[in-house]
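Residue-level listing of the chains:
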Amino acid sequence: MSLLDFLRPRPKNTASIARERLRIIVAQERATRGGPDYLPLLRNELLEVIRKYVHVDTDAVQINVERSSEGEVLELSVALPEPKAATGT
Amino acid sequence: MTETIVITSGKGGVGKTTTSASLATGLAQRGHKTAVIDFDVGLRNLDLIMGCERRVVYDFVNVIQNEATLKQALIRDKRHDNLYVLAASQTRDKEALTQDGVERVLEELKQDGFDYIVCDSPAGIEKGAHLAMYFADRAVVVVNPEVSSVRDSDRILGLLSSKTRRAERGEGAGAQHLLLTRYNPVRVEAGEMMSVKDVEEILGIPVLGVIPESENVLAASNSGVPVIHDAGSIAGQAYADAVARLLGEDVSMRFLDAPKKGFFKRMFGT
Ligand SMILES: Nc1ncnc2c1ncn2[C@@H]1O[C@H](COP(=O)(O)OP(=O)(O)OP(=O)(O)O)[C@@H](O)[C@H]1O
Ligand SMILES: [Mg+2]
């Protein structure tokens, strides 16, 4: 490291960016694991439709496949933004 | 009782073969009769890392296809007479490994009184990787503190809990451990690399060991002597600690902090 290094802007804390990205993608992949292959696509299309009406984050739509003795249940939850922040029509 | 341990990762090049060689050697050093098997058909490498490449006559596929006996194919380690290597075949035929064949070899090793069978998995999630994990009682998931490696590890954890014989029989997933390799504490402290804690939290399974990035690993591969033999290196010591934990001993983690640098070194050093 040279003295010049002190003058350059310090790199961002990219480790914490990595951690947050992984947290989201790993949770998403776990939820659809073992379910039909179309789940991730279904999730993205749903997200697009929802976004026509209200602005939500990319991780706002959560899909879960629950298995029980009676079969499989597709669980869907959509986190809406705080009412004040909502700008949708 | 024989315990079968798979060393797996999903992503390639993270340190599975390095880890298989050192864990198997460590188990043998601790007095356990151990076999280490290369499942990477077509890309044999464990023999080089174990330093027995010139003694390979018969391989895993020869045994499965009844062209050689298991006894003929097992290569006894030069340094430990309770350690044996079973080399992968160099055939390009990926179908050469069969589930029945693998099961028969593992069963014979059990009959022969092996305490541990270490299975070095190929990268990916194809047949070789599937068969390496299928019969395992335990899994060591090798992971680098890097986004694609962590994500692939989670994929592998999913397969371990559904696509193994234990899982299919409803016996539940076997024990799963994370082994972080190529860990660089200096970069972790600088915020450039995820920490052990980060990776452990994301994947949610306990850490068996942390192997620092070390130039001794390359030197060990160059000379065909597993790095655990290099007791003076931190990588060798970290592997020895991991072996102790694998055997149920309570050993605290070492080499997680960056070495303290003096003021001058920090200003002018590299
Ligand atoms: N702790 C470490 N420090 C430095 N280099 C390392 C360390 N661990 C592994 N390596 C290096 O990383 C490279 C890949 O290691 P290795 O062959 O064990 O990975 P692998 O997971 O078996 O790869 P593949 O998926 O191709 O089978 C090698 O060059 C090895 O020397
Ligand atoms: Mg390998």
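Residues numbered from 1 in each chain as written. Chains lettered and ligands numbered in written order. Predicted model: local features only at pLDDT ≥ 70, side-chain atom pairs only at ≥ 80, totals over all residues. Heavy atoms only, no water.

**A closer look at the site of ligand 1**
Residue and element names in this part refer to chain B.
- Close to ligand 1 lie 16 residues; Gly 13, Lys 16, Thr 17, Thr 18 and Ser 214 are nearest.
- In the model, an oxygen atom of ligand 1 is placed 3.2 Å from a nitrogen or oxygen of the Val 14 main chain.
- Contact with the protein chains covers 77% of the free accessible surface of ligand 1, which is 640 Å².
- At the level of elements, helix 1 (16–29), strand 8 (207–212) and helix 11 (215–223) are the ones that each hand at least two residues to the shell around ligand 1.
- With 3 residues, helix 1 is the single largest residue contributor to the shell around ligand 1.
- Looking at the shell around ligand 1 residue by residue, the classes come out as 5 nonpolar, 7 polar and 4 charged. (Near = heavy atom within 4 Å. Polar contact = N/O pair within 3.5 Å; in protein donor to acceptor, adjacent residues only side chain to side chain. Areas by Shrake-Rupley, 256 points an atom, 1.4 Å probe, with all protein chains shown as cover. Helix = DSSP H or I, 4+ residues; strand = E, 2+ residues; numbered from the N terminus. Nonpolar A, V, L, I, M, F, W, Y, C, P; charged D, E, K, R; others polar.)

**Concerning the packing of aromatic side chains**
All names here are of chain B.
- Under the counting rule described, the total for this entry stands at 3 aromatic pairs over all chains.
- Both rings, one in Tyr 84 and one in Phe 114, keep their centres 5.6 Å apart while their planes meet at 80 degrees; by these two values the pair is edge-to-face. Taken together, the positions of Tyr 84 in strand 4 (residues 83–86) and Phe 114 in the loop between helix 5 (99–111) and strand 5 (116–120) put the pair 30 residues apart, joining distant regions of the chain. As far as the burial class goes, Tyr 84 and Phe 114 line up, both buried.
- Look at Tyr 134 and Phe 135: their rings are 4.9 Å apart centre to centre, the planes differ by 90 degrees, and that puts the pair in the edge-to-face class. The pair formed by Tyr 134 and Phe 135 is uniform in burial state, with each residue classed as buried.
- Over the ring of Phe 114 we find Lys 33; its NZ or CZ atom is 4.5 Å from the centre of that ring. (Phe/Tyr/Trp six-rings, centres within 6.5 Å; stacked < 30°, edge-to-face > 60°. Buried < 20%, exposed > 50% of the residue type's maximum accessible area, 1.4 Å probe, protein only. Lys NZ or Arg CZ within 6 Å of the ring centre and 35° of its normal.)

**Observations concerning the packing of helix 1 (residues 14–32) of chain A against helix 7 (residues 147–160) of chain B**
- Between helix 1 of chain A and helix 7 of chain B, the shortest axis-to-axis distance is 10 Å and the interhelical angle comes to 25 degrees. Regarding the angle of helix 1 of chain A to helix 7 of chain B, the classification is roughly parallel. When the axes of helix 1 of chain A and helix 7 of chain B are compared, the crossing they make is right-handed. When helix 1 of chain A is examined against helix 7 of chain B, the residues Ala 18, Arg 21, Leu 22, Ile 25, Val 26, Glu 29 and Arg 30 of chain A are found in contact with a partner set consisting of Val 147, Val 150, Arg 151 and Asp 154 of chain B.
- Here the contact of helix 1 of chain A with helix 7 of chain B is built from residues that sort into 6 nonpolar, no polar and 5 charged. (Axes fitted to C-alpha atoms, helices over the stretch in contact; angles between N-to-C directions. Parallel < 35°, antiparallel > 145°, perpendicular 65-115°, else oblique. Left-handed = near helix turned anticlockwise from the far one by under 90°. Contact = heavy atoms within 4.5 Å.)

**Brief notes about the side chain of His 177 of chain B**
Residues and elements named next belong to chain B.
- As for its placement among the helices and strands, His 177 is situated in strand 7 (residues 175–183).
- Its relative accessible area of 14% is what places His 177 among the buried residues.
- Ignoring any residue separated from it by four or fewer positions in sequence, one finds His 177 in contact with Arg 138, Ala 139, Val 140, Val 141, Ile 205, Pro 206, Leu 208 and Leu 246.

**With respect to the sheet that holds strand 6 (residues 138–143) of chain B**
Residue and element names in this part refer to chain B.
- Spatial strand order, 3-4-2-5-1-6-7-8: 8 strands in an open sheet with mixed pairing. Strand pairing shows two members of the sheet lacking a second neighbour, strand 3 (75–76) and strand 8, which therefore form its edges.
- Along the sheet, helix 1 makes contact with strand 1 (3–8), strand 2 (34–38), strand 4, strand 5, strand 6 and strand 7, crossing strand 5 at roughly 170 degrees. (Pairing = 2+ DSSP bridges.)

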